[in-house]
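# Structural description and commentary
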Amino acid sequence: MTTPPEHLAETANRLIDQKSPYLLAHAHQPVAWFPWGEEAFARAAAEQKPVFLSIGYATCHWCHVMAEESFIDQEVATLLNDHYIAIKVDREERPDIDQIYMTVCQMMTGSGGWPLTIIMTPDRRPFFAATYIPKTSRFGGAGMLELLPKVAEVWREKPGDLLEVATRVVEALHQPARTGTGPEPTVDLLTAGYRALAAAFDPARGGFGDAPKFPAPHNLLFLLRYWRRSGEPAALAMVEQTLKAMRRGGIYDHLAGGFHRYSTDGGWKVPHFEKMLYDQAMLVIACTDAFLATGNAEYRETAEATIRYVLNSLSTSSGGFAAAQDADSEGEEGKYYLWTLEEVRKIVLPEEAAALTAAYLVTEQGNFTDPFHPGLIGRNVLYRSPDAPLQDPDPHLVTAEAKLAAARTGRVPPLTDDKVLTSWNGLMIAALSRAGRAFGVAEYIDAAGRAADFLLGTMRSPDGRLLHRSRDGEAAISAQAEDYAALIWGLLDLYQATFAVRYLADAVELMKEFIARTWDLAGGGFFSAAEDATDLIVRQKEQYDGAIPSANSVAFMDLLLLARLTGEPAYEEQAGTLGRFMAGVVERSPLIATFFLAGLDFALGPAQEVVVVGEEGAADTAAMIRALAERFLPVTTTQFKPAGGGADLAAVAPFTELLGMKEGRATAYVCSGQACAPPAVEVEAMLQVLGEVGNLHE
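Report on the accompanying structure. (Residues numbered from 1 in each chain as written. Predicted model: local features only at pLDDT ≥ 70, side-chain atom pairs only at ≥ 80, totals over all residues. Heavy atoms only, no water.)

### Comments concerning the sheet that holds strand 8 (residues 275-276)
The condition that has to hold: Whether two strands pair comes down to DSSP finding at least two bridges between them. Secondary structure counts use DSSP, requiring at least four H or I residues in a row for a helix and at least two E residues in a row for a strand, with both numbered from the N terminus.
Spatially, three strands are ordered 8-9-14 in an open sheet, and the strand pairing comes out antiparallel. With one partner strand each, in any of the chains shown, strand 8 and strand 14 (416-417) form the two edges of the open sheet. As defined by bridge partners, strand 8 adjoins strand 9 (residues 324-325) across two bridges and the pair is classed as antiparallel. In the sheet register, Met 276 faces strand 9, and the bridge partner there is Ala 324.

### So, the packing of helix 16 (residues 422-439) against helix 17 (residues 442-458)
Applied cut-off: The angle between two axes is taken between their N-to-C directions and runs from 0 to 180 degrees, where each axis is a line fitted to C-alpha atoms and a helix contributes only its stretch in contact. Should an angle lie under 35 degrees it is considered roughly parallel, over 145 roughly antiparallel, and from 65 to 115 roughly perpendicular; all remaining angles are considered oblique. The hand of a helix crossing depends on one turn: near helix anticlockwise from the far one by less than a right angle means left-handed, and clockwise means right-handed. By definition, residues are in contact when any of their heavy atoms lie within 4.5 Å.
Where helix 16 contacts helix 17, the two axes come as close as 8 Å, and the packing angle between them is 155 degrees. The angle between the axes of helix 16 and helix 17 places the two elements in the roughly antiparallel class. For the element pair helix 16 and helix 17, the recorded crossing hand is left-handed. On helix 17, the residues touching Thr 422, Asn 425, Gly 426, Ile 429, Leu 432, Ser 433, Ala 435, Gly 436, Arg 437 and Phe 439 of helix 16 are Tyr 444, Ile 445, Ala 447, Ala 448, Ala 451, Ala 452 and Leu 455.

### Considering helix 18 (residues 481-498)
Formally: Take the number of residues in a helix, subtract one, and multiply by 1.5 Å to get its expected span. Three labels apply to residues, based on accessible area from a 1.4 Å probe with only protein chains included: buried if under 20% of the type maximum, exposed if over 50%, partly exposed otherwise in between.
In this model, helix 18 (18 residues) spans 26 Å end to end at C-alpha, consistent with the 26 Å of a helix rising 1.5 Å per residue. Along helix 18, 17 of the 18 residues are buried, which leaves the element largely enclosed by surrounding structure.

### Observations concerning the packing of aromatic side chains
Our working rule: Think of it this way: a Phe, Tyr or Trp ring, Trp meaning its six-membered ring, pairs with another when their centres are within 6.5 Å, and the plane angle makes it stacked under 30 degrees, edge-to-face over 60, tilted otherwise. When the NZ atom of lysine or the CZ atom of arginine is within 6 Å of a ring's centre and also within 35 degrees of its normal, the charge is said to sit over that ring.
For the structure shown, the criterion picks out 26 aromatic pairs. Their ring planes at 65 degrees and their centres at 5.0 Å tell us that Tyr 252 and Phe 259 sit as a pair that is edge-to-face. Note on Phe 259: relative accessible area 1%, which makes it buried. Over the aromatic face of Trp 114 sits the side chain of Arg 91, whose NZ or CZ is 3.9 Å from the ring centroid. Directly above the ring of Phe 41 sits Arg 124, whose terminal nitrogen or CZ lies 3.9 Å from the centroid.

### Concerning the state of the cysteines
Selection rule: Only a pair of cysteine sulfur atoms within 2.5 Å counts as a disulfide in this structure description.
As enumerated under the stated definition, the model contains two disulfides in all. Between Cys 60 and Cys 63 runs a disulfide, and the two sulfur atoms are separated by 2.4 Å. Residues Cys 60 and Cys 63 share a disulfide whose torsion about the S-S bond is about 80 degrees; that sign makes it right-handed. In this structure, Cys 60 and Cys 63 share a single accessibility class: buried. Linked covalently through their sulfurs, Cys 671 and Cys 676 form a disulfide whose S-S length is 1.9 Å. Judged by the torsion about the S-S bond (100 degrees), the Cys 671/Cys 676 disulfide is right-handed. In this structure Cys 671 comes out as buried when scored by relative accessible area, which is 17%. Owing to a relative accessible area of 58%, Cys 676 belongs among the exposed residues under this scheme. The connectivity of the disulfides in the chain is 1-2, 3-4, where the numbers refer to bonded cysteines in sequence order. Cys 105 carries a free sulfur, and the closest cysteine sulfur to it, the one in Cys 63, is 13 Å from it.

### What to know about the environment of Ser 230
Spelled out, the test is: Here a polar contact is recorded for every N or O atom pair within 3.5 Å, except that within protein the pair must consist of a potential hydrogen donor and a potential acceptor, and residues adjacent in sequence are included only if both atoms are side-chain atoms.
Mapped onto the fold, Ser 230 is located in helix 9 (residues 217-230). Taking the C-alpha atoms as reference, Ser 230 lies 9.3 Å from Thr 191; in sequence the two are 39 residues apart. In this structure the side chain of Ser 230 is engaged in a polar contact, spanning 3.1 Å, whose partner is the backbone nitrogen of Glu 232.

Printed below as a string of structure tokens:
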């Protein structure tokens, strides 16, 4: 048996039997970690110890820092083992747990992030919250060696003080969950959302706010819809400036495609290097919609390069997509992606080096510094000037890029967190379906279908319920609201890309399960966790669009789409209740839920439903479907019914049963605002009803 390094335990702790790469990375630390579960809390109660809860994820840079600094340190481990029951949670496996305790951290400290550190009672009531904590005190903040014994002392000598804090925190946690419905949302809310985004917009560099700057693609999706509704040119300008700036910035991987998590500066130059599946998915959707709205080929190229990255680097043998790639490799953040000028000159010819360093602003001094490795200087992130053309005609540059990309494959790559999450895969299915349909690329739609088939066939419990995570041959963890909402969204986009009725039928069945398991009959809205989540101190209802849109924002859109695609008014009614649940908080702060505002644009309409009836594979049928696919029609649903068939579609969408071809030609039935136009047998006539004649990319 190989002897572990001195700082690691010779025997594994209780995390060794977990599937999460994040938990497994802590399995040989000297801290006696428990996974979240009854065993840990029963031990804490029996020994009358507080619980030290640490929440993070596998590709989190600061989680690595805290692990290397504190959790492999024997002195810190002894304090934790002697005075606490220590629990590790992968936030991506248990977003419901993370959501609760992140809310606590934000309430108690005014901010949040990962690693998330919580100290709480044996019955899960928190009384202390923080994010990263150094080993020793730094800049006026207590370190682990000072904090742990101090809290343990108060727990022994004045436990009532801590219990009083815990009681107040839990009471505060319950308040949002009790909030009832608000006013009926109106178009004024869309205007308020636009004005709030305009006020937050960075006119010099694109994006919203200052450093750190996040992509926030749901903001862009709403702005595109607001521009289409209002004609406001500034709304479209904000989208275009942001997408162009990100595409040229260091947040984009210029050698392999795909986007890093966020920019540490306000100008998109120096990223935090992790790559998340959900960012790729949402940005593909934003770029695809921007292409449809403007016809600018740059947005299509960015979407397709990002898709290539996902298909090349995040595909799994199951058909699903891996969760993320790490920011770190060989113990250093960004090492895989960074270049010194000397490295560049060794790989490419002098004239190629000159072209590349000029295009990507590579310097001898470098533009990246790791605060934990200050001796490593002269390293460069590849980024371009904000106004640089992407299609540079210099052949030396093209050759240099190819050589650097090839050389990078010889480096030690960042860790890939290969667990498959239902929610993030649902977003990727939506992205691939939308891009494949818009660009006419069957490969993308096929990849979306494989992922959907995997989730629908494998991510099920023995009693048939949807599950959240799959890894290493095991599907586990009950699905949460975000899983249902995102997968339904993906299936509805996949249905409109393939017209395979089974995906629409699956979406209908999933929505029934979603409502049964998480809908709040008393106050409206979807709880984040299912009704049988008995290991939580509160079931929350998320309304805030964070890195990805909240489950309630996505579910609002899902319900509206299902209402149009099936003709079932109950979905519209439930969307109305959900809209009122969201409206109160969004009215106070429109920026917290811009994807809900995108759904509200759809709800306020006039939305349009199109059913094309024709011969499968016929030229006139294909022309109608393609005319719809190549336009930006965010409030239009599209369905296809084969002539002489369609019984399976009618079973899910009964209103399609009597629709047939006219004059033996492909026929489009267009309805809008509860009124239907006469059937159209020409593409131009169909587009005229839609108000789209001459509007392609104007």
